[in-house]
Amino acid sequence: QVQLWESGGGLVQTGGSLRLSCAASGRIADFSIMAWYRQALGKEREVVAYLTSDNFANYIDSVKGRFTISRDDTVNTMYLQMNNLNPEDTATYYCRLQSAVIDTWGQGTQVTVSP
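Cut-off values and rules
Residues numbered from 1 in each chain as written. Predicted model: local features only at pLDDT ≥ 70, side-chain atom pairs only at ≥ 80, totals over all residues. Heavy atoms only, no water. Disulfide = S-S within 2.5 Å. Helix = DSSP H or I, 4+ residues; strand = E, 2+ residues; numbered from the N terminus. Buried < 20%, exposed > 50% of the residue type's maximum accessible area, 1.4 Å probe, protein only. Salt bridge = Lys/Arg side-chain N within 4 Å of Asp/Glu carboxyl O.

(A) Structural detail: the state of the cysteines. Applying the stated criterion across every chain yields a total of one disulfide. Each sulfur in the disulfide pair Cys22 and Cys95 lies 2.1 Å from the other. Looking down the S-S bond of the Cys22 and Cys95 bridge, the torsion is 65°, so its handedness is right-handed. Of the two residues, Cys22 is situated in strand β3 (residues 18-24) and Cys95 in strand β9 (residues 91-98); the sequence distance between them amounts to 73 residues. Judged by relative accessible area, which is 0%, Cys95 ranks as buried.

In structure tokens:
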């Protein structure tokens, strides 16, 4: 089973930036969907962005133009560049990789945006 480790979360002021990383123990090129989710306190987990194996990216409306999902297959790592953060982005962020036979999640990394 492929394991995932997120990093890059932290505390940032409104308007700041963070880059989240999701390192995989296996080849991310083997996965058809790579995605970032987030879950705010008291809310359901939601998908923030996803990237297909042919590099089609899609984002929820609230992060379009501010977040960028990307991948580096040479180091088996997925990224989420987050710019112009606001308090509504405060949440635990999770990465998820899916293939026909594997569906795996990371442990989460906390992002807190202060007013």
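Now that the structure is up, let's keep going.
(B) Spotlight on the pattern of salt bridges. Considering all chains together, one arrives at seven salt bridges under this definition. Residues Glu46 and Arg38 are paired through a salt bridge, measuring 2.8 Å at the closest nitrogen-oxygen approach. Between Arg71 and Asp73 there is a salt bridge whose closest N-O contact spans 2.9 Å. Residue Arg71 is classed as buried on the basis of its relative accessible area of 17%. Under the relative-accessibility criterion, Asp73 is labelled partly exposed at 35%. It is possible to trace a salt-bridge network through shared partners that takes in Arg38, Glu46, Arg66 and Asp89.

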